[in-house]
Amino acid sequence: MKYLPLIWKNIWRKKARAIFTLLSIVMAFALFGLLSAVRAAFSGGVELTGADRLVMVHKVSLIQPLPFSYMGRIRATPGVEAVAHATWFGGYYQKPENFFGQFPVDPENYLSMFPEILLPEDQKRAWLKDREGAVVGRRTAEQLGFKIGDRVPISGSPWRRKDGKEAWEFNVVGIYDGAEKGTDTTAFMFRYDYFDEARARGKGLVGWYTIRVDDPDRAAEIAQAIDANFQNSPAETKTSTEKAFAQGWANQIGNIGAIVEAISAAVFFIILLVAANTMAQSVRERVNEIAVLKTLGFGPFKVLGLVLGEAFFLALVGGVLGLMLAQVLVGGVGKVLERFLPIFYLPSEAVTTGLVIAALVGAIAGIVPGIQSMRLPIAAALRRG
Amino acid sequence: MANEPVVRVRDVYKAFRRGAEVVEVLMGLNLEIPRGEFLALMGPSGSGKSTLLNLIGGLDRPTRGAIEVGGQRIDRLSDADLSAWRARHVGFVFQMYNLLPVLTAERNVELPLLLTKLPRSERKRRVRIALSLVGLSDRLKHYPRQLSGGQEQRVGIARAIVTDPTLLLCDEPTGDLDRKSGDEVLALLTSLNRDHGKTIIMVTHDPHAAERASRVLHFDKGVLQLDSAA
């Protein structure tokens, strides 16, 4: 601590250089934070998947429906603990821009399958009582102004009603929150029994199944056993872990993780060069002062520590400010993009990784000038000064 | 014992390599400096006087020979041990003052104390005593650029004495000062020697400065020419 004033003063001895270097580092870390949020937006579902959950879809394609009658056979498979189903509804509220995911589900099975959906008990009871009841995620409710008791029409779904009405109408009976920061709170869920009875076609079909297994270590084996049940049937199935399913879904857009890593690596490499150049210049300019410190009794490792401390401090201050800026930017960008990327936040792991990278950038940038300072021959350096 | 040698230089050689050429600067030098002495080293440039000062201060190592300060063979110490030894036993005063421009006078003088385990309040107390000894109690918060040359050198002297070292090594301490400021600095060094018992070794080109010393040694081409009491 007692060396901090010296380190601080040395950082700011050339203010313009320090500010520009700091700004470069801040911008790099802000970009890193923003990219991490993009990555989380695309892979957030992957990270939040349950290790004990499988997803079963039609072997041909996710958009092919599966018979509701599979439910019993899935449940009877050894190792299966619970089963829930959902179907893509694909409508919108009032205008196409007001788009969010809607799913007909079996309330009890679904809520028990996804404990991360937090719905108050009285609202759950209301949902079970009202066949036209629907629960909506907090984010969508706030965005579109849905309140409990509202009658909400959803139009534009490929699922037509058999009574010929264009819009499906639901009663908002509950608003759910997410148990974790990245839990999707944009969905709108309503009862499958009402949906199945009212739709014009596709009765007895569901979009996909989510299955909970009793032993996550046997997930692959159980998935194989489930698929074996439906081999050579008109609707063969493909069961995978929820994580693999979500990853496959995210990969349809591209390997966002790899793209983000590549860009971040390039940015950090450039920042490392900037910081290293700043440190090298700064040390070169004060060879005489370093020799004076050594003359006064600052040992080789103290001198190394001072130079590393400067680099470390510069990188860490830049990193912290950059991540703080990222937090602000993510909030702003998230609001603009929330319809397309409902899960858009700066993950805490990205903050930790960012701080570790900042420390590493500091250490690497400072190590060469630090070692040069350690080895500086005092008498020769004083003569040069 | 007042005349006990605090520095013993025995058969010391020092050579520098300049490209392919080896330059012999000191050749078999022998010297004893008693505790409490004010010694002036004189001689033309390149004669070896600053080299000897650097060797006694542990800033450089002899090519051959032994250097003993306060009974300790400093030529045998590792770099880290030598640094710690310098911090405890030697104060340096430079011709160009060599204050850190980014630190105030107070912070510059505090630098050697950062290497001790003293708490901040005690460091501050000692810094103030050192600065008052050199007559700069009113310049604590001034940066080197806000001080005159003579004042800068006095801050340099305060930095050199703040740890109460055994030896004060001064390399041309008045070389960059006008006569008046130079005289003030010399008076200060004389007082530190006479009133505080500091052993001072001073390299100088200036006969006027050397007059303040109790003994003057003349160097020429790496060899001690004349040992004269001032």
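Look up a bit, the structure's there.
Notes on the structure follow. Predicted model only: the values in this text are computed from it and were never measured. (Residues numbered from 1 in each chain as written. Chains lettered and ligands numbered in written order. Predicted model: local features only at pLDDT ≥ 70, side-chain atom pairs only at ≥ 80, totals over all residues.)

### Some thoughts on the overall build of chain B
Applied cut-off: Strands are runs of DSSP state E lasting at least two residues, helices are runs of H or I lasting at least four, and both sets are numbered from the N terminus onward. Exposure classes come from backbone-placed C-beta atoms, where a residue is buried if 20 or more other C-beta atoms lie within 10 Å of its own, exposed if 12 or fewer do, and partly exposed in between. What counts as a contact here is a pair of residues whose C-beta atoms, placed from the backbone, lie within 7 Å.
Each helix and strand counted, chain B has 7 helices and 10 strands in total. Along the three orthogonal principal directions, the C-alpha set of chain B runs to about 45 × 45 × 40 Å. Counting all 230 residues of chain B, 49% fall into the buried class. Taking all contacts inside chain B whose residues are at least 6 apart in sequence as the whole, residues at least 24 apart take part in 68%.

### Section: the overall build of chain A
Let me state the cut-off plainly: Based on C-alpha atoms, the radius of gyration is set beside the globule rule, defined as 2.2 Å times the residue count to the power 0.38.
Along its length, chain A carries 14 helices and 12 strands. In terms of overall dimensions, chain A is more spread out than a globule: its C-alpha atoms have a radius of gyration of 29 Å, far above the 21 Å expected for 385 residues. Based on the C-alpha atoms only, the size of chain A along its principal axes is roughly 95 × 45 × 35 Å. In chain A, buried positions account for 39% of the 385 residues.

### Notes on the pairing of strand S6 (residues 133-137) of chain A
Residue and element names in this part refer to chain A. Where we set the bar: Whether two strands pair depends on DSSP finding at least two bridges between them.
The buried fraction of S6 is high, at 5 of 5 residues. Every second residue of S6 is oriented toward a common face, with Gly133, Val135 and Gly137 on one face and Ala134 and Val136 on the other, all of them buried. Note that S6 and strand S8 (residues 168-178) share 5 bridges and pair parallel. What sits directly across from Gly137, in S8, is Tyr176. Bridge count for S6 against strand S9 (residues 188-191) is 3 bridges, and the pairing is antiparallel. Directly across from Ala134, in S9, lies its bridge partner Phe190.

### Thoughts on the environment of Gly182 of chain B
Residues and elements named next belong to chain B. For Gly182, the position within the fold is in helix H6 (residues 179-196). Gly182 sits 32 residues away from Gly150 along the chain, and the two C-alpha atoms are 7.1 Å apart. Excluding residues that lie within four positions of it along the chain, Gly182 makes contacts with Thr174, Leu177 and Ala209.

### Examining the interface of chain A and chain B
The test is simple: Residue classes follow a fixed rule: Ala, Val, Leu, Ile, Met, Phe, Trp, Tyr, Cys and Pro count as nonpolar, while Asp, Glu, Lys and Arg count as charged, and any other residue, Gly among them, counts as polar.
At the interface, 18 residues of chain A touch 19 residues of chain B. The element contributing the most residues to the side of chain A that touches chain B is helix H11 (residues 287-296) of chain A, with 6 residues. Each residue belonging to the side of chain A that touches chain B can be placed in one class, and the counts come to 8 nonpolar, 5 polar and 5 charged.

### Regarding helix H10 (residues 256-285) of chain A
Cut-off, in case you're wondering: Given the number of residues in a helix, its expected span is that number minus one, multiplied by 1.5 Å.
With 30 residues, H10 of chain A extends 43 Å between its outermost C-alpha atoms, agreeing within 8% with the 44 Å of an ideal straight helix rising 1.5 Å per residue. What H10 of chain A keeps buried is the set Val260, Ser264, Phe268, Ile271, Ala275, Thr278, Met279, Ser282 and Val283 of chain A.

### Comments concerning unusual backbone geometry
Glycine aside, negative phi is the norm for most residues, and most peptide bonds take the trans geometry. In this structure, Gln94 of chain A takes a positive phi of about 65 degrees despite not being glycine. Here Gln94 of chain A shows up in the loop between strand S3 (80-86) and strand S4 (102-105). C-beta crowding within 10 Å serves as the criterion here: with 13 such atoms nearby, Gln94 of chain A is assigned to the partly exposed category. Positive phi outside glycine occurs at Asp164 of chain B, with the angle close to 55 degrees. Mapped onto the elements of the fold, Asp164 of chain B is located in the loop between helix H5 (149-161) and strand S7 (167-171). Residue class for Asp164 of chain B comes out exposed when judged on the 12 C-beta atoms lying within 10 Å of it.

### Some words on the sheet that holds strand S5 (residues 72-73) of chain B
Residue and element names in this part refer to chain B. Across the sheet, 4 strands lie side by side as S2-S1-S4-S5; this open sheet has antiparallel pairing. Only two strands of the sheet have a single neighbouring strand rather than two, namely strand S2 (21-34) and S5. Taken together, the 2 bridges between strand S4 (residues 64-69) and S5 define a ladder with antiparallel strand orientation. Note on S5: the bridge partner recorded for Glu68 is Arg73.

### Topic: the nonpolar core
Where we set the bar: We call a set of buried Ala, Val, Leu, Ile, Met, Phe, Trp, Tyr and Cys residues a nonpolar core when their C-beta atoms link them within 7 Å.
Ranked by internal contacts, the top residues of the largest apolar core, which has 63 residues, are Leu39, Leu41, Ala158, Ile201 and Met202 of chain B. Once residues within four sequence positions are removed from consideration, Leu41 of chain B is found in contact with Lys49, Leu52, Leu53, Ile201, Met202, Val203, Leu217 and Phe219 of chain B. Among the nonpolar cores identified, the runner-up in size contains 52 residues, and Trp168, Ile175, Phe195 and Tyr209 of chain A belong to it.

### Regarding the environment of Thr199 of chain B
Residues and elements named next belong to chain B. Along the polypeptide, Thr199 turns up in strand S8 (residues 199-203). Take Thr199: there are 23 C-beta atoms within 10 Å of it, and that puts it in the buried class. The sequence separation of Thr199 and Leu169 amounts to 30 residues, and the corresponding C-alpha distance is 8.6 Å. Excluding residues that lie within four positions of it along the chain, Thr199 makes contacts with Val6, Ile33, Arg35, Gly36, Glu37, Thr166, Leu167 and Leu168.

### As for the packing of helix H12 (residues 300-337) of chain A against helix H13 (residues 348-375) of chain A
Residues and elements named next belong to chain A. Stated formally: Between N-to-C directions, angles span 0 to 180 degrees; the directions come from axes that are lines fitted to C-alpha atoms, helices contributing only their stretch in contact. By the definition adopted for this analysis, an angle is roughly parallel if under 35 degrees, roughly antiparallel if over 145, roughly perpendicular if from 65 to 115, and oblique otherwise. Rotating anticlockwise by less than a right angle from the far helix to the near helix defines a left-handed crossing, while the corresponding clockwise rotation defines a right-handed one.
Packing of H12 against H13 leaves a shortest axis separation of 7 Å and a crossing angle of 150 degrees. Classified by the interaxial angle, the pair formed by H12 and H13 is roughly antiparallel. Between H12 and H13 the crossing geometry is right-handed. Considering only residue class, the contact of H12 with H13 consists of 22 nonpolar, 7 polar and 1 charged.

### Thoughts on the pairing of strand S1 (residues 5-18) of chain B
Moving residue by residue along a regular strand, the side chains alternate between the two faces of the sheet. Residues and elements named next belong to chain B. By the bridge criterion, 10 bridges tie S1 to S2 in an arrangement that is antiparallel. Looking at the pairing, Pro5 lines up with Pro34 of S2. Between S1 and the antiparallel strand that follows it, S2, lie 2 residues; Gly19 among them carries a positive phi value of about 65 degrees. Sheet topology places S1 next to S4; 5 bridges connect them, and they run antiparallel. Bridge assignment links Arg10 to a residue of S4, and that residue is Ala66.

### Brief notes about the environment of Tyr13 of chain B
In this structure, Tyr13 of chain B sits in strand S1. The spatial distance from the C-alpha of Tyr13 of chain B to the C-alpha of Gly28 of chain B is 5.2 Å, given a sequence separation of 15 residues.

### Regarding the packing of helix H1 (residues 4-11) of chain A against H12 of chain A
Residue and element names in this part refer to chain A. At a minimum axis separation of 9 Å, H1 and H12 run at an interaxial angle of 65 degrees. On the basis of the axis angle, H1 is roughly perpendicular to H12. H1 and H12 meet at a crossing whose hand is right-handed. Note on element contacts: H12 touches H1 through Leu306, Gly309, Glu310, Phe313 and Leu314, opposite Leu6, Ile7, Asn10 and Ile11. Residue classes in the contact of H1 with H12 are distributed as 6 nonpolar, 2 polar and 1 charged.

Spatial relationships are all this shows, so hold off on functional conclusions.
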